[in-house]
Amino acid sequence: MFVTFEGSEGVGKSTQLRLLKEYLEKTGQSAVYIREPGSTDISEQIRGVILDKSNRAMTYQTEALLYAASRAQLVREVIKPALARGELIICDRYLDSSVAYQGYGRELGADFVKGINAYAIDGCMPDVTVFLDLPPKSNWRGDRHADRIEEQPDDFFERVYKGYLAEIALSPSRFVRIKPDFDKNVTSRRIIEALKERGAIK
Ligand code: TYD
């Protein structure tokens, strides 16, 4: 099973991934934990280039291709071999992030982004995608140390959120849409229940 997590910035995705990992470890279930962009030596180097704030001259097309390149490496080096061994994969962001951020946020268009990624993912689509559904708030940044994407203005993140909703409307059965609760443990239990129902975890 290939499970991905998606959502806008500051929705508590990292916390939820940590709580899911704790649950899986406590219940003796093994999984491969990866994040995008990154999780292979080459993909982490590409991540550095993408997120480096000094790369102001990077075109949106280059950015989209670099995310796809990082993904092409991860799919072949980690995801496909792990799926072939029957392992559970938990991935922090994947293709939907490119569609939402580059397709809608950068306004390159969903079709263009899906086109370049078809080559990168080679048919490897998630079985389940958990979408942490919080509309962007102008105060999410807090005191985070912003990278090149996080520096974008609020309207960028509004387009990203709309992009996610559009993707969910296109493949509703793949998505589990969770509204984060004020209590992170409540949210975590909802995610675990939903993944159990889908047969992704026990
Ligand atoms: P990261 O620090 O991992 O962000 P987060 O904790 O929010 O997941 O940085 C990844 C950034 O890259 C994040 O701002 C989302 C963005 N991104 C894209 O724009 N396109 C993509 O395809 C992916 C995977 C991420």
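Look up: the structure comes first, before these words.
Further remarks concern the site of the ligand. As a structural note, the neighbourhood of the ligand is formed by 14 residues, with K13, Y67, R93, S98 and Q102 the closest of them. E9 places a polar side-chain atom, nitrogen or oxygen, 2.9 Å from an oxygen atom of the ligand. R93 is positioned such that a nitrogen or oxygen atom in its side chain is 2.7 Å from an oxygen atom of the ligand. In isolation the ligand has 540 Å² of accessible area, and contact with the protein removes 92% of it. Comparing atom positions with the cavity grids shows the ligand to sit within the largest pocket. When contributions to the shell around the ligand are tallied by element, the ones reaching two or more residues are α2 (41–51), α3 (60–84) and α4 (95–105). Among the elements that take part in the shell around the ligand, α4 stands out by supplying four residues, more than any other. Residue composition of the shell around the ligand, by class: four nonpolar, three polar and seven charged.

As a further point, take the packing of α2 against α3. To describe two helices that pack against each other, one gives the angle between their axes and the distance between the axes. At a minimum axis separation of 9 Å, α2 and α3 run at an interaxial angle of 165 degrees. With respect to their mutual orientation, α2 and α3 come out roughly antiparallel. For the crossing formed where α2 meets α3, the hand is left-handed. Here I42, S43, I46, V49, I50 and L51 of α2 come into contact with α3, specifically with L66, Y67, A69, S70, Q73 and L74. Across the contact of α2 with α3, the residue classes break down as nine nonpolar, three polar and no charged.

If you walk across this open sheet you meet the five strands as β2-β3-β1-β4-β5, and the pairing is parallel. Looking at which strands have only one partner, the edges of the open sheet turn out to be β2 (32–35) and β5 (175–178). Across the sheet, the axes of successive neighbouring strands diverge by a mean angle of 20 degrees, strand direction being ignored. Examined bridge by bridge, strand β1 (residues 2–7) and strand β4 (residues 128–132) share five bridges and lie parallel to one another. Looking across to β4, one finds that G7 is bridged to L132. Contacting β1, β2, β3 (89–92) and β4, helix α1 (residues 13–26) runs over the sheet at an angle of about 150 degrees to β1.

On to the nonpolar core. With 21 residues, the main nonpolar core has V3, F5, L20, L24, I90, L195 and I201 as its most contacted residues. If you list the elements that add at least two residues to this core, you get β1, α1, β4, β5 and α7 (184–197). Residues within four places of I90 in sequence aside, it is in contact with V3, F5, L17, L20, L24, A31, V32, Y33 and I34. If you look at the next biggest cluster of nonpolar residues, it comprises 20 residues, including F2, V75, C91 and I116.

Here the structure, examined in full by the defined rule, presents 20 salt bridges. In this structure, E167 engages K114 in a salt bridge whose closest nitrogen and oxygen atoms are separated by 3.2 Å. In this pair, E167 is assigned in helix α6 (residues 154–170) and K114 in helix α5 (residues 110–121), connecting sequence segments 53 residues apart. Taking the shortest distance from any N to any O, the salt bridge between R177 and D133 comes out at 2.6 Å. Note that R177 is positioned in strand β5 and D133 in the loop between β4 and α6, a separation of 44 residues in sequence. Take R177: its relative accessible area is 46%, and that puts it in the partly exposed class. Salt bridges sharing partners connect three or more residues here, namely E6, E9 and R93.

Conventions adopted
Residues numbered from 1 in each chain as written. Predicted model: local features only at pLDDT ≥ 70, side-chain atom pairs only at ≥ 80, totals over all residues. Heavy atoms only, no water. Near = heavy atom within 4 Å. Polar contact = N/O pair within 3.5 Å; in protein donor to acceptor, adjacent residues only side chain to side chain. Areas by Shrake-Rupley, 256 points an atom, 1.4 Å probe, with all protein chains shown as cover. 1 Å grid on protein atoms, 1.4 Å probe; cavity = no way out; pocket = protein on both sides within 12 Å on 5 of 7 lines; lining within 4 Å. Sits in = over half its atoms within 2 Å of the grid points. Helix = DSSP H or I, 4+ residues; strand = E, 2+ residues; numbered from the N terminus. Nonpolar A, V, L, I, M, F, W, Y, C, P; charged D, E, K, R; others polar. Axes fitted to C-alpha atoms, helices over the stretch in contact; angles between N-to-C directions. Parallel < 35°, antiparallel > 145°, perpendicular 65-115°, else oblique. Left-handed = near helix turned anticlockwise from the far one by under 90°. Contact = heavy atoms within 4.5 Å. Pairing = 2+ DSSP bridges. Core = buried A, V, L, I, M, F, W, Y, C linked by side-chain atoms within 4.5 Å. Buried < 20%, exposed > 50% of the residue type's maximum accessible area, 1.4 Å probe, protein only. Salt bridge = Lys/Arg side-chain N within 4 Å of Asp/Glu carboxyl O.

The values reported here are purely geometric and, on their own, carry no functional implication.
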